[in-house]
Amino acid sequence: LLYSLVAAVVVLALPSISAQVSAGEEAFIVLPGEASRYSGQQGREGDFTELLATADKTGGVLGIFRQTIAPKSGPPTHLHGMEAEFCYVVSGQFNFKLGERIVSAPAGAFVFIPRITPHTFQNIGTEPGVLLFGVTPGGFEKMFAERQGVDADTNQKLMAKHHMQIVGPPLR
């Protein structure tokens with residue numbers, strides 16, 4: 001089901017931007033344990049991000065990443081200036097804030113977030129939860145690798161570089 005869902009989203013996204021993909025792109029597969037893995041930023045060290053498909057691999061069409069989120073963890077409310085984002089809850093129990101609305105998202109839930117929509121999420125369970133994210137166009141996913149070990153000022157610059165703006169606190 002999960003892979004069918006991701007394939008459906010990719011198929012929906014590709015027709016509108018297929019002309020942008022360069023002719024040299026190659027098909028690829030990322031096997032379990034092969035994804036680049038990065039720890040969370042300062043204050044979210046219990047979270048991990050695995051980059052499954054980067055803009056470099058997809059010709060810029062999309063980026064796909066899997067996040068393991070610790071209990072009670074989640075990002076501040078933010079928005080993406082260029083990217084639409086989607087998320088599939090693989091495991092766990094989350095609350096998502098979309099604009100001013102807060103919704104419960106159990107395992108199996110799918111969330112679509114249009115660009116410039118303030119949003120956040122929080123793992124409300126007692127165990128780590130797993131989220132599969134995608135962004136289109138791709139590129140934002142690179143931020144997780146670039147911000148390893150950086151200070152708060154550098155992190156702010158990286159967010160600006162990747163069209164991300166903090167607009168409120170995390171869910172609590």
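As a starting point, this report considers the structure included with it. Just so you know, the residues in each chain are numbered from 1, in the order the chain's sequence is written. Given that the model is predicted, a residue must reach a pLDDT of at least 70 before its local features are reported, and side-chain atom pairs must reach 80 or more before they are shown or counted; all residues, however, enter totals for whole chains, interfaces and linings. Here the side-chain values reflect all heavy atoms present in the structure, with hydrogen atoms and water set aside.

A run of H or I in DSSP counts as a helix once it spans at least four residues, and a run of E counts as a strand once it spans at least two, with each numbered from the N terminus. Topologically, Phe 144 is positioned in helix 3 (residues 143-146). Each residue gets one of three labels from its accessible area relative to the maximum for its type: buried under 20%, exposed over 50%, partly exposed in between, using a 1.4 Å probe on protein chains only. Under the relative-accessibility criterion, Phe 144 is labelled buried at 8%. Once you skip the residues sitting within four places of it in the chain, Phe 144 turns out to touch Tyr 38, Thr 49, Leu 51, Phe 65 and Gln 67. Any pair of residues with heavy atoms lying within 4.5 Å of one another is described as a contacting pair.

Time to look at the nonpolar core. If you look at the biggest cluster of nonpolar residues, it comprises 22 residues, and the most contacted ones within it are Phe 65, Val 89, Phe 94, Phe 96, Phe 121, Leu 131 and Phe 140. Only strand 3 (63-69), strand 5 (84-91), strand 6 (93-98), strand 8 (110-113), strand 10 (129-136), helix 3 and helix 4 (152-161) provide two or more residues apiece to this core. Ignoring anything within four residues of it in the chain, the contact list for Phe 140 reads Phe 65, His 80, Glu 83, Val 135, His 162 and Met 164. Among buried residues, those of type Ala, Val, Leu, Ile, Met, Phe, Trp, Tyr and Cys that are joined through side-chain atoms within 4.5 Å constitute a nonpolar core. Residues Leu 52, Leu 62, Tyr 88 and Leu 132 belong to the second largest nonpolar core, which totals nine residues.

What follows deals with the pattern of salt bridges. Side-chain pairs of opposite charge can arise whenever the charged atoms involved come near each other. By definition here, a salt bridge exists when the distance from a side-chain nitrogen of Lys or Arg to a carboxyl oxygen of Asp or Glu is within 4 Å. Evaluation of the coordinates by the stated rule reveals four salt bridges. A salt bridge links Asp 56 to Lys 142; the nearest nitrogen and oxygen atoms lie 3.3 Å apart. Linking Asp 56 in helix 2 (residues 55-58) with Lys 142 in the loop between strand 10 and helix 3, this pair joins segments that are 86 residues apart in sequence. For Lys 157, the salt bridge goes to Asp 153, with nearest N and O atoms at 3.2 Å. Linking Lys 157 with Asp 153, this pair stays in helix 4, spanning four residues, or about one helical turn. Relative accessible area serves as the criterion here: at 55%, Lys 157 is assigned to the exposed category.

Burial of the side chains of strand 4 (residues 77-80) extends over both faces: Thr 77 and Leu 79 are buried on one face and His 78 and His 80 on the other. Pairs of strands are assigned from DSSP output, requiring at least two bridges between the strands. Of the strand pairs in this sheet, strand 4 and strand 11 (residues 164-168) are connected by four bridges, and their pairing is antiparallel. Among the inter-strand pairings, Leu 79 is bridged to a residue of strand 11, identified as Gln 165.

One open sheet accounts for six strands, arranged 1-2-3-10-5-8; its pairing is antiparallel. The open sheet has two free edges, formed respectively by strand 1 (36-39) and strand 8, since each of these has just one partner strand. Across the sheet, the mean angle separating the axes of adjacent strands is 20 degrees when strand polarity is ignored. As paired elements, strand 5 and strand 10 share seven bridges and run antiparallel to each other. Bridge assignment links Val 89 to a residue of strand 10, and that residue is Leu 131. Axis lines are fitted to C-alpha atoms, over the contacting stretch for helices. Their N-to-C directions set the angle, which ranges from 0 to 180 degrees.

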